[in-house]
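Geometric and topological summary
The chain contents come next:
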Amino acid sequence: MPVVTLPDGSQRRFDHPVTVDEVAGGIGAGLRKAALAARVNGKLVDTSYLIAEDASLAIVTDRDSDGLEVIRHSTAHLLAQAVKELFPEAQVTIGPVIEDGFYYDFAYQRPFTPEDLAAIEAKMTELAQADEKVTRRVMARDEAVQFFRGLGEIYKAEIIASIPDKEEISLYGQGNWVDLCRGPHVPSTGKLKAFKLTKVAGAYWRGDSRNEMLQRIYGTAWPDKKQLDQYLHRLEEAERRDHRRIGKDLDLFHVQEEAPGAVFWHPRGWTVFQSLIGYMRERQNAAGYQEVSAPELMDVSLWQQSGHLEKFGESMFLTHTPDKRVYAIKPMNCPGHVQIFKHGLRSYRELPVRLAEFGKVHRYEPSGALHGLMRVRAFTQDDGHVFITEDQITSESVAITKLILDIYRDFGFEDVRIKYADRPPNRVGSDDIWDRAEAALKAASSAAGIEYTLNKGEGAFYGPKLEFVLRDAIGRDWQCGTLQVDLNLPGRLGAYYIDEHSTRRTPVMLHRAIFGSLERFFAILLEHHAGKLPAWLSPVQAVVLSITDRQDEYVRRVTETLKNQGFRVESDLRNEKVGFKIREHTLRRVPYLLVAGDKEVAANLLSVRTRSGKDLGTMVPETFAERLRVELGSRGRQVLEG
RNA sequence: GCCGGGAUAGCUCAGCUGGUAGAGCAGCGCAUUCGUAAUGCGCGGGUCGGAGGUUCGAGUCCUCUUCCCGGCACCA
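Along each chain, residues carry numbers from 1 onward, in the same order as the chain's sequence is written. Here every chain gets a letter starting at A, and every ligand a number starting at 1, in the order they are written. Thresholds applied to this predicted model are a pLDDT of at least 70 for local features of residues and 80 or more for the giving and counting of side-chain atom pairs; totals over whole chains, interfaces and linings are not thresholded and use all residues. Hydrogens are left out, water is left out, and the side-chain values use all remaining heavy atoms of the structure.

**Points about the overall build of chain A**
Of regular secondary structure, chain A possesses 20 helices and 34 strands. Its C-alpha atoms give chain A principal-axis dimensions of roughly 85 × 75 × 55 Å. For every residue, the accessible area (1.4 Å probe, protein chains only) is compared with the maximum for its type, and the residue is labelled buried under 20%, exposed over 50%, or partly exposed between those bounds. Taken over 642 residues, chain A has a buried fraction of 51%. A 1.4 Å probe and the Shrake-Rupley method give the accessible areas. Residues count as covered only by the protein chains that appear here. Carbon and sulfur atoms make up 49% of the accessible area of chain A, which totals about 30700 Å². Across chain A, the 86 positively charged side chains and the 91 negatively charged ones have centroids separated by 2 Å. Only runs of H or I of at least four residues qualify as helices and only runs of E of at least two qualify as strands under DSSP, and these elements are numbered from the N terminus. Charge counting follows a simple rule: Lys and Arg are positive, Asp and Glu are negative, and His as well as the terminal groups are ignored. Charge coordinates come from a single atom per side chain, which is NZ of Lys, CZ of Arg, CG of Asp or CD of Glu.

Structure follows, in structure tokens:
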């Protein structure tokens, strides 16, 4: 006699066990049709689930995030079914839901081609239109293993063998195809109406590069065609924002074959880069940091001592020199900073000692990892190392966290998530030291009043860390800042200070970066702003344009005056129509276009237009300068047009 | 590093089954002096990523290689 409680609190009484589908039908035919799955007592189940006892029930439709997930999961199954029909020898493995879609990994004798993809998608559409019923059954573990072995699906058999004993083994079938799956799934394939296969790729079995490579097919699925189209449109938008595209269009930088993973910065790009450095330098100095510079090349023995060579030797650049010594090009700045700290006797009274460097580091990243400015082999860190006593960990960590968050706000990133990463399997230092470091960093987090999610086992090899993740304008997350507590390296490298009892003590070192990699942060900014950098970062902040050559002298004079005040201003005296000039500079994302025709010259005015096409009217050059100064000083919070 | 795809003019791209390279934009020249996203006409420009090979003949076919792209793995 189950009593079913619905989300609105109402109850329905049955004198026999009922399926979700029946309950939905009892509420309304429309709901029954829309039902994809359900939550019974909070657990996600199929619509065929039999409710035998009192339970709470929420029907899941495509309006719920649960529903979307079910759709995607079922579409992954549809994909596997289609592949098995077209390529019977392919073996199925796993097919999970991911952000915006799903994938399915197959073991097959050859990679799938784009043509295969089209054929598979067509077959999927056909199978969906056939509206085949999806059925579920439970099988004993050994029986299931035998079953899949019998089908020649050795991967599935292996997966089942690894499922914990207490879990039920469920199989889902549609048409003449059966797959192992936890479920739930849509009641029939006809519920899958808007999907698209997006790409093929290789992927290692169980994510381990020592294993064989499988053929992965990615796809996306949505409740309806409209949402699918919106998603595809979003992908196009992301492509338009690609920093590699923008970098080319705006003539900011380039890369070439002779220097894989390294950047040739062009004048405009370097101007922006220098603005970032200038800004950070100002903020760091104000926060009590001292800027330093350590050698690019140091004897490899130093890296042996620090432990980096052992852990990361494969990705270090080493040199061959006539003196037969082996020097490493620095892959990071910390050992250099420790040398600076060590030079001379340090008293506890001096701590915290905060050293910062815009250090260019080189890492031999795997070739397949390189990606535009996001992942390079030569990059610049805004690296800082703070030497402190153990008592100072909390207060200093709080100060750093606040600085990081405040700086992100200056760049328009308000939505910042923080992750706490604890000890990795591969590490140096005793468990006792790790216990203390982890406890101190956690204490600092709560003192700073921040919330974090745990990134288990993702810490640095010498200490736990906080990772700061930005969310950009189109919702993508980027890990940039980091704060790491290190009770290992200073000791390994022989750093010490003299405490109040005249005894030598090993300092704690905090590693911190705010931009992380300047190259990468630059790319994130370009994509976040779609190339329209705020004026304070724009390589060219304004262009003064003439309409005919009668204004040449005036334009020259105004440009000079603005440049002398420190603004990045250019003039455009070319014999071109003003519309052409406007178009060109707009495409170059110059924030302000200052037009001077005969009327403006006569009255000592400038006609001001923004890159978004807004006409700000005319004003005297001094007014423009004053308002631009305010905008730059407020880092774009007070814009000229406001 | 692994799987797949790609590389043709400064940029974006075309070039069927092998028969000595083409467009648009950009550049340069000339004309035009023009009011807020493209003025007109003309001209120049490529050892087709690199090295080998097959062929009478290779941008096109084969092998190797470099780099780039999409994933995977990696990311101090």
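Next, the rest of the story.
**Quick notes on helix 12 (residues 334-342)**
All buried positions along helix 12 are accounted for by Cys334, Pro335, Gly336, His337, Val338 and Phe341. Backbone geometry just after helix 12 places Gly344 at a positive phi near 95 degrees.

**What about the layout of surface pockets?**
Approximately 1100 Å³ is the volume found for the largest pocket. Only protein atoms enter the 1 Å grid used here, on which a cavity is any set of points holding a 1.4 Å probe that cannot leave and a pocket is any open set flanked by protein within 12 Å on both sides along at least five of seven lines; residues with an atom within 4 Å of a point are listed as lining. Taken together, 35 residues form the lining of the largest pocket, with Arg363, Phe379, Gln381, Lys465 and Gln484 sitting closest to its centre. Of all the secondary structure elements, the ones that give two or more residues to the lining of the largest pocket are helix 11 (308-312), strand 22 (378-388), strand 25 (465-471), strand 26 (477-486) and strand 29 (508-517). Considering each element in turn, the lining of the largest pocket owes the most residues, 5 residues, to strand 29. In this classification, Asp, Glu, Lys and Arg are treated as charged, Ala, Val, Leu, Ile, Met, Phe, Trp, Tyr, Cys and Pro as nonpolar, and every other residue, Gly included, as polar. A breakdown of the residues in the lining of the largest pocket according to their chemical character gives 14 nonpolar, 12 polar and 9 charged. Grid points are joined across faces, edges and corners, and a volume is the space filled by probe spheres set on the points.

**A look at the state of the cysteines**
In this description, a disulfide is simply a cysteine sulfur pair whose atoms lie within 2.5 Å. Following the criterion strictly, the structure yields 0 disulfides and no others. Here Cys480 stays unpaired: no disulfide links it, and the sulfur of Cys334, its closest cysteine neighbor, is 18 Å away. Take Cys480: its relative accessible area is 6%, and that puts it in the buried class.

**A short note on helix 13 (residues 393-410)**
Residue pairs spaced three or four apart in an α-helix point in one direction, given the helix's 3.6 residues per turn. Its 18 residues place the ends of helix 13 26 Å apart at the C-alpha level, agreeing with the 26 Å of an ideal helix rising 1.5 Å per residue. Restricting attention to buried positions, one finds in helix 13 the residues Ile393, Glu396, Ser397, Val398, Ile400, Thr401, Leu403, Ile404, Ile407, Tyr408 and Asp410. At the C-terminal side of helix 13, Gly412 shows a positive phi close to 85 degrees. What a helix should span is 1.5 Å times the count of its residues minus one.

**Regarding the pattern of salt bridges**
The salt bridge criterion pairs a side-chain nitrogen of Lys or Arg with a carboxyl oxygen of Asp or Glu, the two atoms within 4 Å. For the coordinates displayed, the defined rule picks out 50 salt bridges. In this structure, Asp66 and Arg39 form a salt bridge, with 2.6 Å as the shortest nitrogen-oxygen distance. With a gap of 27 residues between them, Asp66 in helix 3 (residues 65-86) and Arg39 in strand 4 (residues 37-40) connect regions that are remote in the sequence. Residue Arg39 is classed as partly exposed on the basis of its relative accessible area of 29%. The partner of Asp249 in a salt bridge is Arg245, and the shortest N-O contact between them spans 3.0 Å. Here Asp249 pairs with Arg245, and both are found in helix 8 (residues 243-249), just 4 residues apart, close to one helical turn. Residue class for Asp249 comes out partly exposed when judged on its relative accessible area of 43%.

**Notes on the side chain of Glu153**
With respect to the helices, strands and loops of the structure, Glu153 is situated in the loop between helix 5 (141-150) and helix 6 (154-161). By relative accessible area, which is 4% here, Glu153 ends up buried. Only heavy atoms enter the contact rule, under which two residues are in contact if any of them lie within 4.5 Å. Residue contacts for Glu153: discarding those within four places in its chain leaves Lys84, Ala90, Gln91, Val92 and Phe148.

**So, unusual backbone geometry**
At the junction of Gly183 and Pro184, the peptide bond is cis and its omega measures out at -5 degrees in the coordinates. Mapped onto the fold, Pro184 is located in the loop between strand 13 (177-180) and strand 14 (194-204). Residue Pro352 is reached from Leu351 by a cis peptide bond, and omega for that bond is 0 degrees. Locating Pro352 in the fold gives a position in the loop between helix 12 and strand 21 (353-362). Phi at Asn41 takes a positive value of approximately 50 degrees, unusual for a residue other than glycine. Summarising the element assignment, Asn41 is placed in the loop between strand 4 and strand 5 (43-45). Its relative accessible area of 52% is what places Asn41 among the exposed residues. Its identity as a non-glycine residue notwithstanding, Ser502 has a phi of 65 degrees, on the positive side.

**A short note on the sheet that holds strand 32 (residues 592-596)**
Each strand in a sheet pairs with another by means of backbone hydrogen bonds, the pair being arranged parallel or else antiparallel. The pairing criterion for strands is at least two bridges between them, as found by DSSP. Taken in spatial order, the 5 strands make up an open sheet running 31-30-32-33-34, and their pairing is mixed. The open sheet is flanked by strand 31 (569-572) and strand 34 (615-619), the only strands paired with a single partner. Averaged over neighbouring strand pairs, the angle between their axes works out to 25 degrees when direction is ignored. Seen against the sheet, helix 18 (residues 578-587) touches strand 30 (542-546), strand 31, strand 32 and strand 33 (606-610) and runs at an angle of roughly 170 degrees to strand 30. Lines fitted to C-alpha atoms define the axes, with helix axes restricted to the stretch in contact, and inter-axis angles between N-to-C directions lie between 0 and 180 degrees.

**Considerations on the side chain of Thr319**
Inspection of the secondary structure puts Thr319 in the loop between helix 11 and strand 20 (327-329). On the basis of relative accessibility, which here comes to 17%, the residue Thr319 falls in the buried class. With sequence-adjacent residues up to four places away left out, Thr319 is seen in contact with Leu297, Arg325, Val326, Tyr327 and Ile329.

**Overview of the protein's contact with RNA strand B**
Near RNA strand B lie 57 residues; those nearest to it are Tyr204, Ser367, Asn575, Arg583 and Ser607. Note on terminology: near, applied to a residue and a molecule or strand, indicates that one of the residue's heavy atoms is within 4 Å of it. The sugar-phosphate portion of RNA strand B accounts for 50% of its atoms within 4 Å of the protein, the bases making up the rest. What qualifies as a polar contact is a pair of N or O atoms within 3.5 Å, subject to a donor-acceptor requirement within protein and to the restriction that residues adjacent in sequence count only when both atoms come from side chains. Side-chain polar atom of Ser209 to a sugar or linking oxygen of RNA strand B: 3.3 Å apart, as the coordinates give it. At a separation of 3.3 Å, a phosphate oxygen of RNA strand B approaches a polar side-chain atom of His371. When residues of the surface near RNA strand B are traced back to their parent elements, those giving at least two are strand 14, strand 15 (213-222), helix 8, helix 11, helix 18, helix 19 (598-603) and strand 33. Of the residues in the surface near RNA strand B, the class split is 20 nonpolar, 18 polar and 19 charged.

**Structural notes on the nonpolar core**
Nonpolar side chains in soluble globular proteins tend to be buried together. Here, nonpolar core refers to any group of buried Ala, Val, Leu, Ile, Met, Phe, Trp, Tyr and Cys residues whose side-chain atoms link them within 4.5 Å. Core analysis: the largest hydrophobic core is formed by 83 residues, its most contacted members being Tyr408, Phe411, Phe521, Tyr592 and Phe624. Counting 31 residues, the second-largest nonpolar core is a separate cluster that includes Ala82, Phe106, Ile120 and Met124.

**Brief notes about the sheet that holds strand 13**
The 3 strands lie next to each other as 11-12-13, forming an open sheet whose pairing is antiparallel. Strand pairing shows two members of the sheet lacking a second neighbour, strand 11 (134-139) and strand 13, which therefore form its edges. Going across the sheet, the axis of each strand differs from the next one's by a mean of 25 degrees, ignoring polarity. Looking at chain direction, strand 12 (residues 169-174) and strand 13 are connected through 4 bridges and run antiparallel. In the strand pairing of strand 13, Gly173 is matched with Val178. Helix-sheet contacts for helix 3 involve strand 12 and strand 13, and the interaxial angle to strand 13 is about 130 degrees.

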